[in-house]
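Chains, contacts and geometry: an overview
So you can see what is in the structure, the chains are spelled out below.
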Amino acid sequence: MAFPAAEDYGLILTLGAPWPVARRNAWIEAELALLRSAHRAGVPVLGICFGGQAPATALGGGVEAAPRFELGWSRLTADAPELVGPGPCFQFHGERRLLPPGARELARNDVASQAFVCVPGACSSIRR
């Protein structure tokens, strides 16, 4: 499976899935390759839910079980409220992402990192 070239787009939005990114298959591997390509090309990526796990994994971070399942509305601690407000934000997941090296966390709650940014050049541990 192959996606179109990341360089052909001004923004890539990657969304949720009914399983975590750790359930690797052909389309997940293709999406991770697309996200690495987008990062190298400087194409912004916005990831939500599974879509947040994918760029973290693609750029050298990962995913692990959260200390508790999150279901419902929660408030966030936001370091950059102009980018990510305090919520309330709806949560429905049992995993949390591990940030890639060089990533800047933007928001979190008591369970997990909830938003991050990784600018080209800052995240140097991109997996091939």
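Higher on the page you've got the structure.
Fair warning: this is a prediction, and the values are worked out from it, not measured in the lab.

For the coordinates displayed, the defined rule picks out four aromatic pairs. Ring geometry for W27 versus F50: centroids 5.6 Å apart, planes at 40°, classification tilted. Of this pair, W27 sits in helix α1 (residues 26-41) while F50 sits in helix α2 (residues 50-58), placing them 23 residues apart in sequence. What makes F50 buried here is its relative accessible area of 3%. Between W73 and F90, the ring centres sit 5.3 Å apart and the planes meet at 70°, which makes this aromatic pair edge-to-face. Of this pair, W73 sits in strand β3 (residues 62-74) while F90 sits in strand β5 (residues 89-98), and the two are 17 residues apart along the sequence. Using a relative accessible area of 62% as the deciding quantity, one classes W73 as exposed.

Before going further, it helps to spend a moment on α1. Given a rise of 1.5 Å per residue, 16 residues ought to cover 22 Å, and the 23 Å separating the end C-alpha atoms of α1 matches this to within 8%. Residues of α1 that are buried: I28, A30, E31, L32, L34, L35, R36, S37, A38 and H39. Those residues of α1 hidden inside the fold are in contact with β1 (12-14), β2 (45-47) and α2. By the N-cap criterion, in which a side-chain oxygen at the helix start approaches the backbone nitrogen of a residue two or three places on, α1 is capped by N25, the distance to W27 being 3.1 Å. Positive phi appears at G42, one or two residues downstream of α1, with a value of about 80°.

Rules of the game
Residues numbered from 1 in each chain as written. Predicted model: local features only at pLDDT ≥ 70, side-chain atom pairs only at ≥ 80, totals over all residues. Heavy atoms only, no water. Phe/Tyr/Trp six-rings, centres within 6.5 Å; stacked < 30°, edge-to-face > 60°. Helix = DSSP H or I, 4+ residues; strand = E, 2+ residues; numbered from the N terminus. Buried < 20%, exposed > 50% of the residue type's maximum accessible area, 1.4 Å probe, protein only. Expected span 1.5 Å × (residues − 1). Contact = heavy atoms within 4.5 Å. Polar contact = N/O pair within 3.5 Å; in protein donor to acceptor, adjacent residues only side chain to side chain.

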